[in-house]
There are 2 protein chains.
Amino acid sequence: MSYIIYGIPKEYKMNLIERVRTLCPLINPNTSRSITKKQLAYNAIKEEILNNNLPSGTFLVERELCKALDISRTPIREALHQLASEGLVEFIPNRGAFVTGLTYEDIIETYDVREVLEGLATKMFTIHATEPELDELENIYNQMEKALENGNVEELVKYDVKFHRCIIKGCRNDKLKTLIKNINDHVERITNTIKKDQARAITTATHHKNIVNAIIQKDPELAERKMREHIVDSKNYHTKRYNFTK
Amino acid sequence: MSYIIYGIPKEYKMNLIERVRTLCPLINPNTSRSITKKQLAYNAIKEEILNNNLPSGTFLVERELCKALDISRTPIREALHQLASEGLVEFIPNRGAFVTGLTYEDIIETYDVREVLEGLATKMFTIHATEPELDELENIYNQMEKALENGNVEELVKYDVKFHRCIIKGCRNDKLKTLIKNINDHVERITNTIKKDQARAITTATHHKNIVNAIIQKDPELAERKMREHIVDSKNYHTKRYNFTK
């Protein structure tokens, strides 16, 4: 892991505080009473990291987080330790907590694993999906195509996420679901860097069309292969982009 | 999960207490002072579950565990909760803690996931392994063959585990290693049921020979396929065996 930023510029700090403060009331408004302060801090900081608002190498100053979230030091520290156990935050002795770097190798590792896991999920979904499940997937795909026609890339990205979730939800393997959940934070952190790329959105929609067709044709091997090809293509896109922006 | 046993027969209880007591001094004798009581209870109970000495559905009576391990109730409870979070123990309201059932579906789910993960690990190992790593793998394979010649199945099983670990260790993907670690308890629990099957040992050795040959030939796709075939074959063996002993 390399550190890109060793501190937050003053104007950025203010942005962070404002953003986190804005975010707080949004987190599970219906259950906010039962959420612990640690959970609240955890959710808020994680959301900021996954959305790349706190980029790799950002120094997470405890007293700033306390102020922004109006939470005392202990729950903030507990939240940071939980995020560290998930690989999103790293503690450096005598320095403090930093957002971990998202490296070239992270992208390769995450996508290599994602390829085989989601490939398997797609195969199993094709074998076992019921009519309502197939309808749900087709419906999501149609919404995605509509978003593409309207040139609404942010909307399309939302349906992209839903498409993958729908397949995973119906894969009939709880262990597989848990493992995919374990890498999904990293996937989200990577994919959230491309929310406004129109060309990529078109490619994604084409791939999804191939996947959905193979599933409807009830061809598990083809569906698996199409999903794997889609994820390999995403890996190549993200690694190229990483090299370009570095 | 279904429950096969709702209590432990008296003579079995005594066996359990003896076994756990015998096990205690064996756990990290050099570091026993730094091990917490919770960790000690966790290790002891987990070892018994993975080795199938506490079979599916066994009622884990807290006071018996306290007596057997000479540990008070709180750390025992904490250990049971940790095991519950890992899917090895289940709490039933108003009844207590039980060893989770190892179902037919558990075998299928675990081996389907294992197939794609270890397949990928084998492919990556074949691509990246250094000469010393290849030597280590060949050495383990040779020891396994020697154990087979001597008809020592328990020894062979040990080298079987080492063979898989050696490949995983050298796969160059930390996220993949973590995911494999997450399912390994379940794999161990399933494979530990066959420690004395001579015919299965011969099959395993043959499969390993095919895998090691493909790795030495530097053929990543073939190595991956051979590992996947080996794991599918193990899945079929365990599911057949499950139906037979049910």
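Cut-offs used in this document
Residues numbered from 1 in each chain as written. Chains lettered and ligands numbered in written order. Predicted model: local features only at pLDDT ≥ 70, side-chain atom pairs only at ≥ 80, totals over all residues. Heavy atoms only, no water. Pairing = 2+ DSSP bridges. Helix = DSSP H or I, 4+ residues; strand = E, 2+ residues; numbered from the N terminus. Least-squares fit on C-alpha atoms with pLDDT ≥ 70 in both. Contact = heavy atoms within 4.5 Å. pLDDT = per-residue confidence, 0-100. Salt bridge = Lys/Arg side-chain N within 4 Å of Asp/Glu carboxyl O. Buried < 20%, exposed > 50% of the residue type's maximum accessible area, 1.4 Å probe, protein only. Core = buried A, V, L, I, M, F, W, Y, C linked by side-chain atoms within 4.5 Å. Phe/Tyr/Trp six-rings, centres within 6.5 Å; stacked < 30°, edge-to-face > 60°. Lys NZ or Arg CZ within 6 Å of the ring centre and 35° of its normal. Buried area = accessible area lost by both parts, 1.4 Å probe.

1. Quick notes on the sheet that holds strand β1 (residues 59-60) of chain A
All names here are of chain A. The strand order across the open sheet formed by three strands is β1-β3-β2, and the pairing between neighbours is antiparallel. Since the sheet does not close on itself, it has two edges, and those belong to β1 and β2 (89-92), each with one partner. Note that β1 and strand β3 (residues 96-99) share two bridges and pair antiparallel. By the bridge assignment, Leu60 is partnered in β3 with Ala97.

2. Focus on the relation of the copies chain A and chain B
Each copy of the sequence occupies a distinct position, and chain A is placed on chain B by a rotation of 180 degrees and an axial shift of 0.1 Å, giving an RMSD of 0.1 Å. The superposition of one copy onto the other is thereby described by a two-fold rotation axis. Same-surface contact between copies: 100% of interface residues of chain A are shared with the interface of chain B.

3. Observations concerning the confidence of the model for chain A
Residue and element names in this part refer to chain A. For chain A, the average pLDDT comes to 86, and 84% of its residues sit at 70 or higher. Contacts from residues 1-9, a stretch scored under 50 in pLDDT, to residues over four places away or in other chains number 28 contacts. Taken together, the stretch residues 24-33 has pLDDT below 50 and engages in eight contacts with residues farther than four places along the chain or on a different chain.

4. Examining the pattern of salt bridges
Counted by the stated rule, this structure contains 30 salt bridges over all chains. The shortest N-O distance in the salt bridge between Arg200 of chain A and Asp233 of chain A comes to 2.7 Å. With a gap of 33 residues between them, Arg200 of chain A in helix α9 (residues 198-216) and Asp233 of chain A in helix α10 (residues 220-245) connect regions that are remote in the sequence. Overall, the relative accessible area of 28% leaves Asp233 of chain A in the partly exposed class. Across the pair Glu229 of chain B and Lys226 of chain B runs a salt bridge whose closest N-O atoms are separated by 3.2 Å. Residue Glu229 of chain B and its partner Lys226 of chain B are located together in helix α10 (residues 220-245), separated by three residues, close to a single helical turn.

5. As for the nonpolar core
Formed by 83 residues in total, the largest nonpolar core has its most connected members in Leu117 and Ile167 of chain A together with Leu117 and Ile167 of chain B. Of all hydrophobic cores here, the second largest spans 22 residues; its members include Ile35, Leu60, Leu69 and Leu83 of chain B.

6. Remarks on the packing of aromatic side chains
Pairs of aromatic rings are described using the distance from one ring centre to the other and the angle between the two planes. All names here are of chain A. Scanning all chains against the criterion turns up four aromatic pairs over all chains. Note on Phe59 and Phe98: the rings are 5.0 Å apart at their centroids and 20 degrees apart in plane angle, and the pair reads as stacked. Of this pair, Phe59 sits in strand β1 while Phe98 sits in strand β3, and the two are 39 residues apart along the sequence. Taking the relative accessible area as the measure of exposure, Phe59 reaches 22% and is therefore partly exposed. Given a relative accessible area of 2%, Phe98 falls into the buried group. Here Tyr104 and Tyr242 contribute two aromatic rings whose centre-to-centre distance is 6.1 Å and whose plane-to-plane angle is 55 degrees, an arrangement assigned as tilted. With a gap of 138 residues between them, Tyr104 in helix α5 (residues 104-128) and Tyr242 in helix α10 connect regions that are remote in the sequence. Its relative accessible area of 31% is what places Tyr104 among the partly exposed residues. Sitting over the ring of Tyr237, Arg200 keeps its end group 4.8 Å from the ring centre.

7. Considering the pairing of strand β2 (residues 89-92) of chain B
Residue and element names in this part refer to chain B. Bridge count between β2 and strand β3 (residues 96-99): four bridges; the pairing is antiparallel. Paired with Val89 across the two strands is Val99, which belongs to β3. Counted along the chain from β2 to the antiparallel partner β3, the turn is three residues long, and its residue Asn94 has a positive phi close to 65 degrees.

8. Quick word on the interface of chain A and chain B
For an interface, size is often stated in terms of accessible area lost upon the parts coming together. Contacts between chain A and chain B engage 19 residues on the former and 19 residues on the latter. Roughly 1,700 Å² is buried in total at the junction of chain A and chain B, and carbon and sulfur atoms are behind 60% of that figure. Looking only at chain A, the three residues that lose the most surface to chain B are Glu109, Lys175 and Leu179 of chain A, adding up to 37% of its buried area. Counting every contact that joins chain A to chain B gives two salt bridges. Close ionic contact of Lys175 of chain A with Asp106 of chain B constitutes a salt bridge, the shortest N to O distance being 3.1 Å.

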